[in-house]
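# Observations on chain architecture
Single-letter residue listing:
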Amino acid sequence: MTPAEGAGAGAAPAWVIRDLGRADLPWMAAQEVRMFGASAWSRELIQHDYLYGLTRYRGIELDGGLVGYSVYGYDGDAFHLLNLAVVPEARGRGLGRALMDDFMAEARHEGAPDAWLEVAVDNEIALALYRAYGFEDVRIRRKYYQPEGLDALVMRVQLSGYEPGF
Ligand SMILES: CC(C)(COP(=O)(O)OP(=O)(O)OC[C@H]1O[C@@H](n2cnc3c(N)ncnc32)[C@H](O)[C@@H]1OP(=O)(O)O)[C@@H](O)C(=O)NCCC(=O)NCCS
């Protein structure tokens, strides 16, 4: 898949989205622990899913360094966002939106009828981001996030007739 570039004020792009390589996985695993604590994806899970899962690992670089990532996949039926994160130091600059644009573009490119995700019910920032992309509440999955036992909201967006939220 081709990299995507984001607009900056000058000639050089402010950010670049690219596929993560195997060499990037230890960095991602370290960010998971830093950002998600006990419910982080483990290094073993990441490496196994990267090698054998029906998933795509994407990273976003700012000034040549990785500052965020997404994981998504298509099983031929549903397009699914499995992970999305921007490191705390780089938040609030549109990088989450850029990763969502990349996810939505790929879902549409694959011809998926809809896209799905789960988000913690108390994650107001992510909820606002997803709602801006047209995601709507479907149902609650009780105690989805372990070991915390936090409920997840399942969200879906229909892709036919999709209009960007930004
Ligand atoms: C969710 C996350 C990826 C957003 O990344 P980001 O780069 O800060 O997001 P952006 O700067 O692109 O902002 C996108 C939208 O998110 C929402 N948002 C971002 N920061 C916000 C804040 N401080 N308060 C409220 N809403 C906020 C807004 O809707 C914003 O759109 P706007 O700029 O038009 O108002 C980031 O906060 C993150 O990594 N959080 C921890 C991991 C996480 O919760 N991931 C989601 C798991 S389901």
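Bear in mind the structure is a predicted one, so any value in this text is a computation, not a measurement.

### Thoughts on the site of the ligand
- Within the structure, the ligand sits among 20 residues, and L84, V86, G92, R97 and N123 are positioned closest to it.
- Within the backbone of L84, a nitrogen or oxygen atom sits 2.8 Å from a nitrogen atom of the ligand.
- Between an oxygen atom of the ligand and a main-chain N or O atom of R93, the distance comes to 3.2 Å.
- If the ligand stood free it would expose 930 Å²; the protein chains cover 71% of that surface.
- Counting only elements with at least two residues in the shell around the ligand, the list comes to β5 (79-86), α3 (95-109), β6 (114-120) and α4 (124-132).
- By residue number, the principal contributor to the shell around the ligand is α4, which donates 5 residues.
- Tallied by class, the residues present in the shell around the ligand amount to 12 nonpolar, 4 polar and 4 charged.

### Here we look at the UniProt feature "domain: N-acetyltransferase" (unreviewed entry) in the chain
- Following the UniProt record, the feature "domain: N-acetyltransferase" (unreviewed entry) maps to residues 15-160 here.
- Helix makes up 32% of residues 15-160 and strand 39%, and the two end C-alpha atoms of the span are 28 Å apart.

Cut-offs applied
- Residues numbered from 1 in each chain as written.
- Predicted model: local features only at pLDDT ≥ 70, side-chain atom pairs only at ≥ 80, totals over all residues.
- Heavy atoms only, no water.
- Near = heavy atom within 4 Å.
- Polar contact = N/O pair within 3.5 Å; in protein donor to acceptor, adjacent residues only side chain to side chain.
- Areas by Shrake-Rupley, 256 points an atom, 1.4 Å probe, with all protein chains shown as cover.
- Helix = DSSP H or I, 4+ residues; strand = E, 2+ residues; numbered from the N terminus.
- Nonpolar A, V, L, I, M, F, W, Y, C, P; charged D, E, K, R; others polar.
- UniProt positions renumbered as here; feature names shortened; annotations may be inferred.

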